[in-house]
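Structural overview
Spelled out, the chains give:
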Amino acid sequence: LTVDSMPTIQQVEETLRSALEAEDVSVVDISGDCGSSFEVSVVSKQFEGKALLARHRLVNGALAGMMGDIHALSIKGAKTPAQAAAQ
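Model, not experiment: these values are computed from the prediction.

We now examine the overall build of the protein chain. Each helix and strand counted, the protein chain has three helices and three strands in total. Of the regular secondary structure in the protein chain, the N- to C-terminal order runs α-β-β-α-β-α. Taken along its principal axes, the extent of the C-alpha atoms in the protein chain is 40 × 20 × 20 Å. Across the 87 residues of the protein chain, 34% fall into the buried class. Look at the contacts in the protein chain between residues 6 or more apart in sequence, and 57% of them connect residues 24 or more apart. If you sum the accessible surface of the protein chain, you get close to 5,000 Å²; carbon and sulfur atoms cover 49% of it.

Right, here's the structure in full:
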């Protein structure tokens, strides 16, 4: 694959916002700007009542179409709006 075909921060963010109806999304390229490794934090109402593993599965599922090009995904946060507001 070429660097041009790798997902961008903006593509990852837009995908997470849309798929998870996220209120807040933070995406950091931790691969040195080549688009192969990302660190994400997401705040979504879809996480309410779900365990951490289920939340991570939702994030991974939202990015399923890109995971062939993403070599590493670090989910730093998967919080409900109430959890995010409490911090």
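Within the secondary structure, I9 sits in helix 1 (residues 9-20). Residues I9 and V27, 18 residues apart in the sequence, show an inter-C-alpha distance of 6.0 Å. Residues within four places of I9 in sequence aside, it is in contact with V27, D29 and F38.

Right, let's talk about helix 2 (residues 52-62) for a bit. For helix 2, the set of buried residues is R55, V59 and A62. Seen from one end, helix 2 has its buried residues packed into an arc of 65 degrees, which puts them on one side. Projecting away from the buried face of helix 2 at angles above 90 degrees are the exposed residues L53 and R57. Buried-residue contacts for helix 2 involve helix 1, strand 2 (37-43), strand 3 (72-79) and helix 3 (81-85).

Thresholds, definitions, all that
Residues numbered from 1 in each chain as written. Predicted model: local features only at pLDDT ≥ 70, side-chain atom pairs only at ≥ 80, totals over all residues. Heavy atoms only, no water. Helix = DSSP H or I, 4+ residues; strand = E, 2+ residues; numbered from the N terminus. Buried < 20%, exposed > 50% of the residue type's maximum accessible area, 1.4 Å probe, protein only. Contact = heavy atoms within 4.5 Å. Areas by Shrake-Rupley, 256 points an atom, 1.4 Å probe, with all protein chains shown as cover. Arc of directions from axis to C-beta.

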